[in-house]
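# Notes for the structure review
Spelled out from the first residue to the last, the chains are:
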Amino acid sequence: MFAVIIFCKGESINSSSDREFLVVGYLLTYNVKQVDDSIAGKLTDIIYFSVEPSLDGTIDTSRLKQSDIDYLHSLKQKHGFRLLLAIGGWGRCKNFASVCINDGLRKKLINDLHQLCLKYKFDGIDYDWEFPDNEQQKQAYNKLIVETSQAVKSYGILVTCALSPWQKLSKEAYQALDRVHIMAYDQGKRHSTYNKAVESLNFFMGHGVDRSKLCLGVPFYGRMIEDFGNSMGYNQLVEKYNPKRDVDEVGGYYFNGPDTMQKKIRYCCENNIGGVMIWEISQDTSDETSLLSEISRECERMEKVGEK
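Note that the structure is predicted; figures quoted are calculated from it, not measured. (Residues numbered from 1 in each chain as written. Predicted model: local features only at pLDDT ≥ 70, side-chain atom pairs only at ≥ 80, totals over all residues. Heavy atoms only, no water.)

## Things to note about the overall build of the protein chain
Using the following cut-off: Working definition: helices are DSSP H or I runs of at least four residues, strands are E runs of at least two. Numbering for both runs from the N terminus. In this treatment the radius of gyration is a C-alpha quantity, and the globule benchmark scales as 2.2 Å times the residue count to the 0.38 power. Relative accessibility thresholds used throughout: buried, under 20% of the residue-type maximum; exposed, over 50%; partly exposed, between the two (1.4 Å probe, protein chains only). Whether two residues are in contact is decided by their heavy atoms, any of which lying within 4.5 Å being enough. In this description, accessible areas are obtained by the Shrake-Rupley approach with a 1.4 Å probe, and a residue is regarded as covered only by the protein chains that are shown.
Counting secondary structure elements, the protein chain contains 10 helices and 13 strands. Taken over the C-alpha trace, the protein chain has a radius of gyration of 19 Å; the compact-globule value for 308 residues is 19 Å, and the two agree within 12%. Here the protein chain holds 308 residues, and 57% of them are scored as buried. Look at the contacts in the protein chain between residues 6 or more apart in sequence, and 68% of them connect residues 24 or more apart. Of the accessible surface of the protein chain, which amounts to about 13500 Å², a share of 47% is contributed by carbon and sulfur atoms.

So this is what it looks like as structure tokens:
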């Protein structure tokens, strides 16, 4: 066990590694108004999900809504979280390969993303290409990340990436990234166990990624064990089954209950992992069963341990 404890948000503590423990929440565009002060105040980052590349290297912004962005900025002003823009994601990646393999189109994509961040005052760009399927595409992804970092770094814009725990980038790409958001879920029948979380973290650390850049992905949903395509939000599972806090399986669904969430957060804190990433924050409950509240409580407990 490491003696260094890190903190969730805002306050500084006395430790040999005095840094912020990241609590990053993805937020789908159609769920924006479900996020209120009680949620925003517990997050260090919100990732607005998402735009996607067009074949000509421009950005398809049809899902962006000025009213949503204004609302998120009003919350940001009160709570001080960073606001990032996701590009890609499941079902929104079909043009990545064609654009990124072409040097000119890749440059245009980066420039358009940069301008979009400046226009809407996003604090960062989060790439989520699911998935490059050959060596040429993998190399193009590495170039996209490195060149994006080079283009936006002087503007203080972050570059992050969502990766599954079997995806490997180049050393240069890992160095260019500010964070790696590990999609440590959707992995097998019991898709997000504690052991899988540890294995996922070890995979990236084994490839030389600084542990402070890693954010462990945790699910705020359950997935049916024998029917992978069937999922249900944590809030729906609680409403329907009212599981005890130490239960991770109900009605044939596997999910992370409060005890498992607590265990994962504790592991991250004890091992100096950068933070956690949540898919997806609007799927939480708003009462004593809240997983986000459990994350905050565990961070506070670990902070107190570090002060002793």
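That covers the picture; the talk isn't over yet.
## Some thoughts on the environment of Ser 290
Rules: Any pair of nitrogen or oxygen atoms within 3.5 Å is treated as a polar contact; in protein, a donor-acceptor pairing is required on top of that, and neighbouring residues in sequence qualify only through side-chain atoms on both sides.
Within the element layout of this structure, Ser 290 appears in the loop between strand E13 (275-279) and helix H10 (291-307). A relative accessible area of 4% places Ser 290 in the buried class. Here the alpha-carbon distance between Ser 290 and Asn 235, two residues 55 residues apart in the chain, equals 8.4 Å. Setting aside chain neighbours within four positions, we find Ser 290 in contact with Asp 284, Thr 285 and Arg 297. Only 3.0 Å separates the side chain of Ser 290 from the backbone nitrogen of Ser 293, close enough to count as a polar contact.

## Re the pairing of strand E8 (residues 214-219)
Threshold: A pair of strands counts as paired when DSSP detects no fewer than two bridges linking them. A crossover counts as right-handed when, viewed with the strands pointing away from the observer, the path leading from the first strand over the helix to the second turns clockwise.
Across the 6 residues of E8, 6 count as buried, placing the element largely inside the fold. Residues of E8 alternate between two faces, with Leu 214, Leu 216 and Val 218 on one and Cys 215, Gly 217 and Pro 219 on the opposite face, all of them buried. In this sheet, E8 lies alongside strand E7 (residues 179-182) in parallel orientation, the contact comprising 3 bridges. From the neighbouring strand, Val 180 faces E8, where its bridge partner is Leu 214. Remark: the E7/helix H7 (residues 194-206)/E8 crossover connection has right-handed handedness. With 5 bridges connecting them, E8 and E13 associate as parallel partners. Counted as the bridge partner of Pro 219 is Trp 279 from E13.

## Notes on the packing of aromatic side chains
To keep it simple, the criterion reads: The criterion for an aromatic pair is that two Phe, Tyr or Trp rings (for Trp, the six-membered ring) have centres within 6.5 Å, with stacked assigned to planes under 30 degrees apart, edge-to-face to planes over 60 apart and tilted to the rest. Two thresholds decide whether a charge sits over a ring: the Lys NZ or Arg CZ must be within 6 Å of the ring centre and within 35 degrees of the ring normal.
The tally for this structure, following the rule as stated, stands at 14 aromatic pairs. Considering the side-chain rings of Tyr 185 and Tyr 221, the 6.1 Å spacing of their centres and the 75° angle between planes classify their relative orientation as edge-to-face. Of this pair, Tyr 185 sits in the loop between E7 and H7 while Tyr 221 sits in strand E9 (residues 221-224), placing them 36 residues apart in sequence. Since its relative accessible area comes to 5%, Tyr 221 is described here as buried. Each member of the aromatic cluster is reached from another via a ring pair, and the members are Tyr 26, Phe 49 and Trp 279. In this structure, Lys 33 packs its charged tip against the face of Tyr 71, placed 5.4 Å from the ring centre. The ring of Tyr 194 has Lys 263 sitting right over it, with the charged end atom 4.2 Å from the ring centre.

## Some details on the sheet that holds strand E10 (residues 231-233)
Selection criterion: Structural elements are reduced to axes, namely lines fitted to C-alpha atoms, with helices fitted over the stretch in contact, and the angle between N-to-C directions of any two is expressed from 0 to 180 degrees.
Reading across from one edge, E10-E9-E12-E11 is the order of the 4 strands in this open sheet, with antiparallel pairing throughout. Strand pairing shows two members of the sheet lacking a second neighbour, E10 and strand E11 (249-250), which therefore form its edges. Bridge analysis of E9 against E10 gives 3 bridges, and the strand direction is antiparallel. Each bridged residue has a counterpart across the sheet, and for Arg 223 the counterpart in E10 is Ser 231. Contacting E9, E10, E11 and strand E12 (253-254), helix H8 (residues 234-241) crosses the sheet at an angle of about 85° to E10.

## A look at the environment of Ile 273
Inspection of the secondary structure assignment puts Ile 273 in the loop between helix H9 (258-270) and E13. Counting along the chain gives 63 residues from Ile 273 to Asp 210, while the straight-line C-alpha distance between them is 8.7 Å.

## Section: the confidence of the model for the protein chain
Note the following rule: On a scale of 0 to 100, pLDDT captures the predictor's confidence in every residue.
Of all residues in the protein chain, 93% attain a pLDDT of 70 or more, and the chain-wide mean is 93. Here residues 1-7 is a poorly scored stretch, pLDDT under 50, and it has 28 contacts once near neighbours within four places are set aside; other chains count. Between residues 10-17, whose pLDDT stays under 50, and residues either more than four places distant or in other chains, the model counts 15 contacts.

## Here's the deal with the environment of Leu 43
Within the element layout of this structure, Leu 43 appears in the loop between helix H1 (37-40) and strand E2 (45-53). Classification of Leu 43 by relative accessible area gives buried; the value is 0%. With 137 residues separating them along the chain, Leu 43 and Val 180 place their C-alpha atoms 17 Å apart.

## Some words on the pairing of E13
Burial of E13 is extensive: 4 of the 5 residues sit out of reach of the surface. Across 4 bridges, the pairing between strand E1 (residues 22-28) and E13 is parallel. Paired with Leu 22 across the bridge in E13 is Gly 275.

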